[in-house]
Structure formats: C-alpha cells, structure tokens
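Here is how the chains run, residue by residue.
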Amino acid sequence: MAVVTLEHGKKSFGQTMVLKDISLTVNEGDVLAIIGPSGGGKSTLLRCLTLLETLDAGALSYGDIAVAREEAGRAVYGSKDVLRQAKTRFGLVFQNFNLFPHYTVLKNVIDPLVVVEKMPKAEAEARGRELLAKMGLSGKEDMVPCELSGGQQQRVAIARALAMNPSVLYFDEPTSALDPELTREVLRVIRELAAEHMTMVIVTHEMTFARDVADQIIFMDGGSVVERGVASEVIDRPQHERTKAFLTNYQHG
Amino acid sequence: MMGILADGFVLTAEIFVVTLVGALPLGVLVALARMSKFKPLSLVARLYISVLRGTPLMLQLMAIMFGPYYLFGMQLGSDWKFYACAIGFILNYAAYFGEIYRSGIQSIPRGQYEAAAVLGYTRAQTFMKIVLPQVMKRIMPAMGNEIITLVKDTSLAFVLGIMEMFSAAKALAAREVSMIPYAIAALIYWVFCLVIEMILNRVEKRMAYYHD
Ligand SMILES: Nc1ncnc2c1ncn2[C@@H]1O[C@H](COP(=O)(O)OP(=O)(O)O)[C@@H](O)[C@H]1O
Ligand SMILES: [Mg+2]
C-alpha cells in the first residue's frame with residue numbers, strides 16, 4: 001500500500017525551476033534512497049513532501065489523505081484540518097538535528113506527544129524512555145542536547161520523530177554534519193529501523209549505505225529524476241552518463 | 001535630610017517600576033509591528049523606533065509635558081507632569097525593548113520553526129514553547145543593560161519638576177551648601193543597581209543550563 005504518493009510535483013523559486021515534474025511512490029515498508037549532486041533539488045523535494053514548502057503544481061497524498069491535488073496546472077492544497085492530519089503521517093530528520101536546545105533529551109522526545117498528540121505525560125515518558133533506550137541513549141534522558149555528541153543528538157532527533165509514530169520517516173543527509181565515527185552510529189540505527197521495515201526516504205551521500213539499506217534509489221540532478229531503480233542496480237550498474245559520472249566522483253572522493 | 005531623599009527615592013522607584021510595567025509589554029507590540037509583513041505598519045514602527053532612539057529622552061519628556069498646551073492649548077492640572085513622565089519613559093523604553101525583542105526573535109534559527117512545524121506544533125505553540133524561552137535567554141544581557149540604564153535615566157524626570165531622588169539631592173545640596181546629599185543619592189543609585197544586577201545574574205544563571 002502506498003504511504004506517500006507524489007505525482008508531477010513542480011516547484012520554482014522565482015525564475016528557477018528546482019523541481020521539474022517529480023513523481024514518486026513509497027510503499028509501506030519500503031526504503032527509498034535519494035542521491036545526487038548538491039543543488040539537485042533533494043532537500044526541496046523533502047521540504048515539499050513534509051509541507052515546509054508548497055508545490056506549484058502536482059498532487060500529493062499520504063495514504064487516504066489527499067494533501068494537494070492538481071487543478072488547471074496548479075497544486076491546490078486541502079484545508080488546515082487536512083494538512084494537520086497529514087502531518088501526523090510523517091517525520092523528518094534534519095541534517096543539523098534541530099533539537100530544541102532548552103529542553104532535556106527526554107523532553108525533546110515527549111513534548112510533541114504531550115503538546116500535539118495530547119498524550120498523558122506518564123505514557124509519553126514511558127514511550128520516550130523506551131525509544132531513547134532503543135537509540136542507545138539510556139542514561140542521557142536528563143541531559144540537554146549541547147551536552148551530547150553530534151551522533152547522539154541525531155539519534156535523539158530520530159527518537160523524537162519516531163515517537164510520533166509516523167507512517168514514513170524522511171532523512172535529509174542525516175550524517176553530513178558528522179565525522180565518520182559518529183556517522184557509523186547513526187547509520188547503524190537507521191539500518192536497524194530498516195530491518196524492522198520502517199518506511200523511510202533517505203537523502204544521503206553514503207553510497208554503500210544507500211545500496212545496503214535501500215530497496216529503491218532515485219538519482220536526482222537539476223531538479224529531475226535522472227535514473228531510478230533497484231538500489232544495488234543503480235549503484236553498481238548505473239545506466240545514465242550523469243549517474244555514472246556522479247558515482248565515479250564519489251568512489252574517488 | 002534623609003527623609004527628603006527617601007521620599008525622592010520612592011518616586012524614583014515608582015518611575016522605574018511604572019516604566020517597566022508599561023514598556024516591557026508595549027515593546028512586544030513594537031517588535032511585532034516592526035516585523036509585520038504589512039509594510040505600512042512596519043514602516044510606522046521603524047519610524048517610531050528611529051525617532052525615540054534618535055532624540056534625547058529629556059527632550060521627549062518636555063515635548064509630552066508641554067506639547068498638549070502649545071499644540072492644542074490644553075490646560076492640564078498639576079498632576080499632568082506625572083503622567084507625562086510615565087508616558088515619556090514608557091514610549092522611549094518600549095522602543096529600545098522592542099528592538100531587543102526583535103533581534104532576539106530573529107536570531108532563532110529557522111530550523112527551530114521547521115522542526116516544530118513538522119512535529120505538528122501550531123504557530124502559537126511554536127512561539128510560546130520553542131521560540132520564546134530561547135529568546136529570553138538570548139536577550140537577557142541586553143535587557144539587563146537597558147534596565148540598569150533606566151535606574152539612572154529616572155533622574156531625567158527632574159526636568160518636569162518631579163522631586164525624584166536626583167531633584168531632592170539637588171535641592172538639599174543648594175539648601176545646605178553641601179555635596180553630601182549628592183554623595184548619598186549616588187550611593188543609593190549604585191546600591192539600587194547592584195541589587196538589580198544581582199537579580200539579573202540569578203536569572204542568567206538559571207538560564208545557563210544550556211548553551212546554543
Ligand atoms: N528558499 C529558497 N529560495 C531560493 N532558492 C532556493 C531555496 N531553497 C533552495 N533553493 C535552490 O534550489 C536548488 C536546489 O536546492 P536543494 O533542494 O537544497 O538541493 P540539494 O538538497 O539537492 O542540494 C538550489 O539551486 C538552491 O539554491
Ligand atoms: Mg540538501
């Protein structure tokens with residue numbers, strides 16, 4: 001079953017078209033990796049999918065929720081209520097974590113549950129502690145983010161997103177702000193989620209990781225999907241020249 | 001002598017408190033107007049801030065004190081000077097506080113708003129729970145400076161003939177041909193500021209459990 005479907009998504013900033021007719025479907029349990037050179041529109045795509053930006057044209061739906069439909073070449077968004085509902089269906093993990101610095105680790109994870117979901121505090125706390133334990137962060141509950149390493153902060157951010165029980169979890173270069181050692185611990189957590197069949201869309205520059213963890217890969221360049229296919233196929237036997245050039249660069253770099 | 005200075009101090013403290021009670025919230029409106037997407041409103045706010053920060057407070061107090069008479073021929077009672085004083089101080093300090101609030105609000109990274117939006121916080125929840133507490137911490141040093149300055153600025157009320165502590169000291173000094181009243185007044189201002197600094201330090205310490 002499709003968790004998220006985007007059809008013919010288009011987005012411009014001023015005169016520049018950043019997304020040129022992008023379509024994608026992510027089914028339950030799928031892991032989709034998005035790779036491509038910087039400036040290719042990967043972040044903009046995730047920002048449109050997470051409603052941080054609005055599409056100019058195209059249709060977007062989360063399961064049975066029609067977030068935006070295309071009408072006369074323009075994207076028409078649903079009511080506030082629809083958008084609020086849709087927001088419960090996804091989570092987003094940012095490159096630079098964006099934890100709330102004034103909250104403890106535990107509060108970062110449970111505050112959205114209490115404030116947005118109106119979950120009783122005790123229940124939220126139990127859930128928060130469990131998720132933090134799963135992220136290997138037991139004992140850090142009462143610390144504040146600035147006392148943690150980048151890798152730990154990113155795992156808190158993942159716990160915070162998971163706490164809301166999203167149908168799909170987006171990652172925008174989750175390890176690009178981390179050094180190799182911290183990158184490994186974050187990637188390990190994402191691998192574990194994949195093994196549990198968490199539905200995920202991951203923008204990443206870690207090609208080996210992308211091949212291992214993803215079912216499908218999309219290669220984006222210049223605002224278009226240049227190539228898409230089974231992860232190992234795209235990485236090991238790219239068909240398009242631009243994909244080949246990009247991957248060669250990465251293998252040497 | 002101490003009695004007169006003590007009466008003066010009461011007035012000084014009153015000006016101080018009234019100014020804070022009026023200007024701390026009014027500054028929020030100034031900041032909101034200044035950041036408004038509605039251009040005319042933001043322009044008016046900019047002009048307001050620019051004029052109130054760009055002219056002497058003493059002159060502003062005089063303008064409010066005598067403006068109603070010269071402009072409209074209004075005869076205002078002897079109590080008017082207290083209102084003029086409160087209005088002048090509040091309007092002036094609201095301009096400064098508004099700018100501090102604005103710079104504080106604008107210093108919060110966009111990522112904080114975006115993280116909150118994706119998690120489903122409403123705009124009001126985002127502001128009250130995520131943005132405001134962080135703004136408070138960031139603006140504390142600047143607010144502290146302004147509040148300390150206000151203690152000493154209260155002495156400007158003397159131009160309106162209000163017998164706050166400075167005016168009282170001046171009168172006493174003239175009567176007794178002595179510098180002592182000035183010295184005592186200076187000491188009291190200083191102690192007043194010390195107390196406020198202590199309070200500010202405590203607040204800042206309490207907010208020091210994280211840094212960003
Ligand atoms: N808010 C914005 N305003 C104007 N241009 C933007 C904005 N966000 C992104 N862009 C532009 O859109 C293009 C794609 O950016 P982005 O989606 O961040 O690419 P990627 O994540 O693949 O590096 C870039 O050229 C970038 O400069
Ligand atoms: Mg990006």
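Remember, it's a predicted structure, so these values are computed and weren't measured experimentally.

Novice: What exactly am I supposed to notice about the sheet that holds strand 2 (residues 16-27) of chain A here?
Specialist: Adjacent strands of a sheet pair through backbone hydrogen bonds, lying either parallel or antiparallel. All names here are of chain A. One open sheet accounts for 5 strands, arranged 2-1-4-5-6; its pairing is antiparallel. One side of each edge strand has no neighbouring strand; the edge strands of this open sheet are strand 2 and strand 6 (74-77). Taken over all neighbouring pairs, the strand axes of this sheet differ in orientation by 20° on average, direction set aside. In terms of strand pairing, strand 4 (residues 57-62) meets strand 5 (residues 65-71) through 3 bridges, oriented antiparallel. Paired with Y62 across the strands is I65, a residue of strand 5. Sitting on the sheet, helix 2 (residues 80-87) touches strand 4, strand 5 and strand 6, and the angle it makes with strand 5 is about 125°.

Novice: What's the story with the nonpolar core in this structure? I'm lost.
Specialist: A general trend in soluble globular proteins is that nonpolar side chains are found buried together. L60, Y62, I158, Y170 and M200 of chain A are the most contacted members of the largest nonpolar core, which has 93 residues in total. Contact partners of L60 of chain A, with chain neighbours within four places excluded, come to V4, T5, L6, C48, L49, L51, L55, I65, A66, V67 and A68 of chain A. Counting residues in hydrophobic clusters, the runner-up holds 49 residues, among them L20, A23, L160 and I196 of chain B.

Novice: Is there a simple way to think about the site of ligand 1 in this case?
Specialist: Residue and element names in this part refer to chain A. Inspection of the region around ligand 1 gives F13, V18, P37, S38, G39, G40, G41, K42, S43 and T44 as its neighbouring residues. Within the contact set of ligand 1, an oxygen atom lies 3.1 Å away from a backbone nitrogen or oxygen of G40. For ligand 1, an oxygen atom lies 2.8 Å from a polar atom in the side chain of S43. Look at ligand 1: alone it shows 570 Å² of surface, and the protein chains cover 56% of it. The element that contributes the greatest number of residues to the shell around ligand 1 is helix 1 (residues 42-49), accounting for 3 residues.

Novice: How do you make sense of the interface of chain B and chain A when you look at a structure like this?
Specialist: Many analyses report the size of an interface as the accessible area lost when the parts associate. Facing 20 residues of chain B, the contacting portion of chain A comprises 23 residues. Both sides of the chain B and chain A interface together cover about 2000 Å² of buried area, and 64% of this is carbon and sulfur. There are 8 residue pairs in polar contact (both at pLDDT 80 or more) connecting chain B and chain A. If you tally residues by element for the side of chain B that touches chain A, the top one is helix 5 (residues 110-119) of chain B, at 9 residues. Counted by class, the side of chain B that touches chain A contains 10 nonpolar, 6 polar and 4 charged residues.

Rules behind the numbers
Residues numbered from 1 in each chain as written. Chains lettered and ligands numbered in written order. Predicted model: local features only at pLDDT ≥ 70, side-chain atom pairs only at ≥ 80, totals over all residues. Heavy atoms only, no water. Pairing = 2+ DSSP bridges. Helix = DSSP H or I, 4+ residues; strand = E, 2+ residues; numbered from the N terminus. Axes fitted to C-alpha atoms, helices over the stretch in contact; angles between N-to-C directions. Contact = heavy atoms within 4.5 Å. Core = buried A, V, L, I, M, F, W, Y, C linked by side-chain atoms within 4.5 Å. Buried < 20%, exposed > 50% of the residue type's maximum accessible area, 1.4 Å probe, protein only. Near = heavy atom within 4 Å. Polar contact = N/O pair within 3.5 Å; in protein donor to acceptor, adjacent residues only side chain to side chain. Areas by Shrake-Rupley, 256 points an atom, 1.4 Å probe, with all protein chains shown as cover. Buried area = accessible area lost by both parts, 1.4 Å probe. Nonpolar A, V, L, I, M, F, W, Y, C, P; charged D, E, K, R; others polar.

Function cannot be inferred from these measures alone, as they are strictly geometric.
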